[in-house]
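As a plain string of letters, each chain reads:
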Amino acid sequence: MQCALVDMGDVQKFSDARALAEASVRQLPTNLEVAATLGWVYLQMNLIEEAEQIFKRIAVGGQAQPDTAYYLACFAERSGKRVAAVKTLRASLDAPGPFLHRKQAEQLLQKIGQ
């Protein structure tokens, strides 16, 4: 739900998404997917330092689900780390299972990768 709110682009929705995501992280502090949602919200709000803290923690945590990998790739691309973004996007697209942001991942890979 938080991702849907922040993807709407409305300032009030950003605030709502941030509050929900931060509350979720407080309730489930070890869940990397929940943390990734908060990182995505921060990234969409252009809170780069906060997003970086979250995404560094996730990157160390191991194998990410496809949507989490997409968030990591978006952060890497925005941070100027194109090679890392391409590698992460490819891994997310190759992973089995549901992938909400598949189309966006494909578009980003086409934009930045070869």
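All of these numbers come straight from a predicted model, not from anything done at the bench.

Analysis parameters
- Residues numbered from 1 in each chain as written.
- Predicted model: local features only at pLDDT ≥ 70, side-chain atom pairs only at ≥ 80, totals over all residues.
- Heavy atoms only, no water.
- Helix = DSSP H or I, 4+ residues; strand = E, 2+ residues; numbered from the N terminus.
- Axes fitted to C-alpha atoms, helices over the stretch in contact; angles between N-to-C directions.
- Parallel < 35°, antiparallel > 145°, perpendicular 65-115°, else oblique.
- Left-handed = near helix turned anticlockwise from the far one by under 90°.
- Contact = heavy atoms within 4.5 Å.
- Nonpolar A, V, L, I, M, F, W, Y, C, P; charged D, E, K, R; others polar.

Undergrad: Would you mind going over the environment of aspartate 94 with me for this structure?
TA: Residue position: aspartate 94 is located in helix α6 (residues 82-94). Placed 28 residues apart in sequence, aspartate 94 and proline 66 show a C-alpha to C-alpha distance of 8.6 Å.

Undergrad: Would you mind going over the packing of helix α5 (residues 66-78) against α6 with me for this structure?
TA: Geometry of a packed helix pair, given as the angle between the helix axes and the separation of the axes. Relative to each other, α5 and α6 sit at 165 degrees, their axes nearing to 8 Å. Taken together, α5 and α6 sit at an angle that is classed as roughly antiparallel. Both α5 and α6 take part in a crossing whose hand is left-handed. Between α5, through Pro66, Ala69, Tyr70, Leu72, Ala73, Ala76 and Glu77, and α6, the contact on the second element is made entirely by Ala84, Ala85, Thr88, Leu89 and Ser92. A per-class count over the contact of α5 with α6 returns 9 nonpolar, 2 polar and 1 charged.

Note that every value here comes from positions in space, so none of it alone points to a role or purpose.
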